[in-house]
Amino acid sequence: MITKGQVISGDLNLKAEVCVIGTGAGGAVVAKELAEAGRDVVVLEQGGYYTKEDFTQREDEMMPLLYEDMGQRATVDQSIIILQGRNVGGSTVHNLCYCFRTPAAILEKWRREDGVRDMTYEQLVPSFERVEKMLKVKDILPPEINALNNKIREGCEKLGYHGLVARHNRESCTTSGFCLLGCPFDAKQSMLITYVPAASAAGARIYADCPVQKIHAEGTRVRSVEAAVVDALGRPRHRVRVDAQVVVLAAGAINSPQILLNNGLANSSGQVGRNLHLHPSVLLAGVYDEDIYGYRGIPQSYYVDEFIDLEKDPDSGYILMPVFGFPVATASQLPGFGRKHWEAMQHFHRTVGILVLMHDQSAGMVRVNRSGKPEIDYQVNARERRLFLEGMKHCAEILFAGGAKQVLVPYESPLWLQPGDDLRAIDQRGLRPNDIPIASTHPQSTCKMGEDRRRSVVNSWCRSHDLQNLFVCDMSVFPSSLGAPPQISTASIADRTAHYIKDNWSQLVA
Amino acid sequence: MPAFASLTRRSFLRYAALSAGFLTLSRVRVAPALATAGATAPGLQVLTPNQAEIFTAIAERMVDSGDPTMPAVRDTRAIVSIDQALVQVDPAVQSQLGWLLIGFQWGPPLLQFKFKTFTGMTAPERDRYLQDWADSRLLVRRLAFRALKNLSMLGYYAQDATWKGIHYDGPWAPRPRRVVSAEC
C-alpha cells in the first residue's frame, strides 16, 4: 500500500517491526527484501508519489516535483549545484541509468583503509546479481547510441582514448530521451516501478509526503520515528509516529546526516556529515555543423575511462561522460545574457556536451543551521582543480576530434575555442568557484562505514556504532568517493544489509 | 546532467540585507514603489503588477536574441511561469525576491545617481546595468543577477513558442493533465 500525504486526514500512530526512511536506491531495496522476508515494514518518504501519468516531460513542471529544492540545492557559497531526488523512488526516478558495479579496487581500499569486512567484490556478487536481475540491467545496444554519444566516441577513437558503452536499466526503451524528467513510458527500471511496488506487494506500508523530523532513542536503542505529513507546498498538516524495532535511515547523503544531526544521534565519532564527496563535474560544449539533437535518444551510453585507473591509483582520476540538457537547463548553464547568450543558445540542436566527473578526494561537510536545514560546505582542492583543467582540455580535444567547429568553456565570461587554438587558454582561466558551473549528482560518504568507531558512523554492515537497532543504508555509507555512478553500488550494499538484518533478526531485537 | 543555477534562500537572504540597506537610505523615494505591493497582478499569485512589470523588463533583456523568429517575452506566458515557480518557494523567499526587484529597479537612481529607474532606461542602458550586476565584485550582486537570469530563462524557455527557434521537439506526449492526483 502506498499512501499519499494528501489522503491522510489525521495524526497516525503506527507500529512496525522495521521503519525505513527513504525510498531511493537504498531504502526501497531494504523495504522490499525485509517485507518479502515476512517483516512488518513501514516506509516514510519525504517526497511525493508520482507515476508515469504525472511525468509531463516538461522541465518547469517536473523539476519541482522530482528534485530536492526544485533542483536548486547548492553548496553554501552557491558554487556547486547538487541534484537529488525527492519523491518515491528517489534519484533513481530521474537518473540516467548508468549501471556500474562497485569497482573491486575501491572495495579493497575500503578494506585496507577503513577496515570494512566481508565486502570484497566476490562477496558482493550475489547482491549485484539480485539487484541487476530486479533492475533488468543489460548492455546498451549499438543502435541505441544517439548522435551525441557517437560524436564523443568518434572523437575518442580518433585520439586513441579508451572508452566503453555502459550497461543500463531500461526495458523496451522508446528512446524518447526524457529520462531526467521521469520516464512516462515506465521503460526506466527505477525503484519506483521495481522495488517499491514489490515492497508494497509484500505488505510494506509506504507513506509519501512524510519528511522525518525526529528519531527517538533511549540508551542504545531507537524506539520510534516521527514525521510530518506535508501538503504539496511542504506545509505540515498532520503527524505520523512509527514505533519500530529496527530503523533503517536511507534518506541520502545530505538528508541522512541532517536527520542524525538534528536529533543528536549516532555521532559519538563526530563524523556524521563529514567526509562529503560529490563527484563534482564541469562541462564543455562543442558546436557542430550538422544537427545533433542531443536530447533525443538514450542520453548517456558511452563514457571515457582513459583518465582513471583505480587498480593503479584508487585515489585519483576522472571519467568523461556525455551530457545534454533540455532548453531551460541549457539556457541557465550558458554564460552571459541577451545577444551573447543567444550566440550559444541558437546552436542548441547542434551542441554536444561532455563533462569531467571527478573521483574526488576533496572532502566537504554537511551541517545543519538553526532551522535544522542542511548547509553543504565543499571546496575543490588545488590538486583536483588542476585535474579538472587537464580533463577540460581533454574534453575540448575530443570534441574537436569529433568534428566540433567551436568549443564553449562556459566561464561567466565565456571562452570560445576554435580548432587549432592553444588549449592552454583553459589553464589561464583556471577553475574558480562561481566562475564556471559545477554540478553534482552523487553526494556520498557523510555517514561513512568502517570498523574504527572513532573514524566512522556505521560498521561494515551499515549498523550504527552507537545505536544497536539503527542502520544507515544509502550513499552516505561509502567510506570514500566511489569513482563510478553509484546506483548499483547503493542498491547492492542495501541488499547485503537487508540480508544481514534478516539473518540476525533475533539478535537485533533482543 | 543539467542544472539550474542558484536561486536559493541564501542568495535572496544575502541580497535582502543589501537591499534593505538601500531602502533605509532612501525610504521616501522608494515609497511609491512599495505602495503598489500587496495585491498580485491578474493571473499571478506572487508577483504584484509592479514586480511583474520589472521582471518582464529584466527578462526581455536576459533573453534578447535579435532573432525575429523568437517570440517576445510579452507575447508569451513567461511571467506566469516565473510566478508559478515562485508559488512553490518559501513565502519568506517570495518576499525577499520582491525586495530584490525593488532594489534592482531603484538601483540606478540610488547607486549610480542616474535619473532613471531600470524600467525607464533604454535597452542599451538596461544591458549595461545588467552587465554591472553580472560583473560586480560583490558576490551577492552576482548571485542576485544569476537568480534573476535563471528565473528569466525558466520562464521563457519553458514556453512552447520558444522551442521552434531552437529546434527543440518538446514533449512527445500531448499536453498532459494537471500534475495532481488524489488516489493512491
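Residues numbered from 1 in each chain as written. Chains lettered and ligands numbered in written order. Predicted model: local features only at pLDDT ≥ 70, side-chain atom pairs only at ≥ 80, totals over all residues.

### Concerning the overall build of chain B
And then number 1: Along chain B, the regular secondary structure elements total eight helices and zero strands.
And then number 2: Along chain B, helices and strands appear, N-terminal first, in the series α-α-α-α-α-α-α-α.
And then number 3: A fraction of 67% describes how many contacts in chain B between residues 6 or more apart in sequence connect residues 24 or more apart. (Helix = DSSP H or I, 4+ residues; strand = E, 2+ residues; numbered from the N terminus. Contact = placed C-beta atoms within 7 Å.)

### Notes on the interface of chain B and chain A
And then number 1: Between chain B and chain A, the residue contacts involve 42 residues of the former and 51 residues of the latter.
And then number 2: Where the side of chain B that touches chain A is concerned, the elements lending two or more residues are α1 (9–25), α3 (49–62), α4 (78–87), α6 (123–135) and α7 (139–157) of chain B.
And then number 3: It is α7(B) that provides the largest number of residues to the side of chain B that touches chain A, a total of eight residues.
And then number 4: A class-by-class count of the residues in the side of chain B that touches chain A yields 25 nonpolar, ten polar and seven charged. (Nonpolar A, V, L, I, M, F, W, Y, C, P; charged D, E, K, R; others polar.)

### Topic: the confidence of the model for chain B
All names here are of chain B.
And then number 1: For chain B, per-residue confidence averages 77 on the pLDDT scale, and residues scoring 70 or more make up 71% of the total.
And then number 2: Segment residues 1–37 is flagged for pLDDT under 50; beyond a separation of four residues in sequence, or across chains, it makes 86 contacts in the model.
And then number 3: Confidence drops under a pLDDT of 50 for residues 176–184, and excluding neighbours within four residues, the segment shows twelve contacts in the predicted structure.
And then number 4: For this predicted complex, the interface confidence reaches an ipTM of 0.90, while the overall pTM sits at 0.91. (pLDDT = per-residue confidence, 0-100.)

### Observations concerning the nonpolar core
Residues and elements named next belong to chain A.
And then number 1: By size, the foremost hydrophobic cluster in this structure holds 217 residues, and its most contacted members are Cys 19, Val 41, Leu 44, Val 248, Leu 284 and Ile 354.
And then number 2: Structurally, this core is a two-domain feature, drawing no fewer than three residues from each of domain 1 (2–134 + 180–276 + 443–505) and domain 2 (142–168 + 281–359 + 381–432).
And then number 3: In this structure, Leu 284 is in contact with Ile 354, Met 392, Cys 395, Ala 396, Leu 399, Val 407, Leu 408 and Val 409, ignoring residues within four places of it in sequence. (Core = buried A, V, L, I, M, F, W, Y, C linked by C-beta atoms within 7 Å. Buried ≥ 20, exposed ≤ 12 C-beta atoms within 10 Å, placed from the backbone. Domains from an automatic or database assignment.)

### What to know about the domain arrangement of chain A
Residue and element names in this part refer to chain A.
And then number 1: We note that the domain assignment places domain 1 (2–134 + 180–276 + 443–505) and domain 2 (142–168 + 281–359 + 381–432) within chain A.
And then number 2: The interface is formed by twelve residues belonging to domain 1 together with 14 residues belonging to domain 2.
And then number 3: Secondary-structure elements contributing two or more residues to the side of domain 1 that touches domain 2 are α2 (59–66) and α3 (104–114).
And then number 4: Looking at the side of domain 1 that touches domain 2, the element that brings in the most residues is α3, giving three residues.
And then number 5: Per-class residue counts for the side of domain 1 that touches domain 2 are seven nonpolar, two polar and three charged.

### Side note on the pairing of strand β11 (residues 236–249) of chain A
All names here are of chain A.
And then number 1: Two strands pair when backbone bridges link them, and strand β2 (residues 12–21) and β11 are joined in this way by nine bridges, in the parallel orientation. Paired with Leu 14 across the strands is Val 242, a residue of β11.
And then number 2: Pairing between strand β10 (residues 221–230) and β11: seven bridges, direction antiparallel. Paired with Glu 226 across the two strands is Arg 241, which belongs to β11.
And then number 3: The turn joining β10 and β11, which pair antiparallel and follow one another in sequence, is formed by five residues; a positive phi near 85° is taken by Gly 234.
And then number 4: Here β11 runs beside strand β21 (residues 470–472); their pairing, made up of three bridges, is parallel. (Pairing = 2+ DSSP bridges.)

### Some words on the environment of A:Ala425
And then number 1: Secondary-structure assignment places A:Ala425 in helix α11 (residues 424–429).
And then number 2: Spatially, the C-alpha atoms of A:Ala425 and A:Val29 are 47 Å apart, while their sequence positions differ by 396 residues.

### A look at the packing of α3(B) against α7(B)
Residues and elements named next belong to chain B.
And then number 1: At a closest axis distance of 9 Å, the pairing of α3 and α7 adopts a crossing angle of 85°. Judged by the angle between their axes, α3 and α7 are roughly perpendicular. In this structure, α3 contributes Ile 58, Ala 59 and Met 62 to the contact, and α7 contributes Leu 148, Lys 149, Ser 152, Met 153, Gly 155 and Tyr 156.
And then number 2: Grouping the constituent residues of the contact of α3 with α7 by class yields six nonpolar, two polar and one charged. (Axes fitted to C-alpha atoms, helices over the stretch in contact; angles between N-to-C directions. Parallel < 35°, antiparallel > 145°, perpendicular 65-115°, else oblique.)

### Examining unusual backbone geometry
Residue and element names in this part refer to chain A.
And then number 1: In this structure, Cys 97 takes a positive phi of about 70° despite not being glycine.
And then number 2: The topology assignment puts Cys 97 in the loop between β4 (80–82) and α3.
And then number 3: In this structure Cys 97 comes out as buried when scored by C-beta crowding, with 26 C-beta atoms within 10 Å.
And then number 4: Residues other than glycine seldom take positive phi values, yet Asn 275 does so here, at roughly 70°.
And then number 5: Take Asn 275: it is sitting in the loop between α7 (252–263) and β12 (281–287).
And then number 6: On the basis of neighbour count, Asn 275 is assigned to the buried category, with 25 C-beta atoms found within 10 Å.

### Topic: the pairing of β2(A)
Residue and element names in this part refer to chain A.
And then number 1: With four bridges joining them, β2 and strand β3 (residues 41–44) adopt parallel strand pairing. Looking at the pairing, Cys 19 lines up with Val 42 of β3.
And then number 2: In this fold, the crossover linking β2 to β3 by way of helix α1 (residues 27–36) has right-handed handedness. (Right-handed = clockwise from strand over helix to strand, strands pointing away.)

### Topic: the packing of α4(B) against α7(B)
Residue and element names in this part refer to chain B.
And then number 1: Running from N to C, α4 and α7 cross one another at 120°; their axes reach a closest spacing of 7 Å. Here α4 is positioned oblique relative to α7, judged by the angle of their axes. Considering the relative orientation of α4 and α7, their crossing is right-handed. From α4, Ala 78, Ile 79, Ser 81, Ile 82 and Ala 85 reach across to α7, where they touch Leu 151, Leu 154, Gly 155 and Tyr 156.
And then number 2: By residue class, the composition of the contact of α4 with α7 is seven nonpolar, two polar and no charged. (Left-handed = near helix turned anticlockwise from the far one by under 90°.)

### A closer look at the environment of A:His238
All names here are of chain A.
And then number 1: Here His 238 is to be found in strand β11.
And then number 2: Looking at His 238, the number of C-beta atoms within 10 Å reads 17, which means it is partly exposed.
And then number 3: Residues His 238 and Ile 8, spaced 230 residues apart in sequence, show a C-alpha to C-alpha distance of 7.8 Å.
And then number 4: When residues no more than four places from it in sequence are discounted, the contact partners of His 238 are Ile 8, Gly 10, Asp 11 and Val 229.

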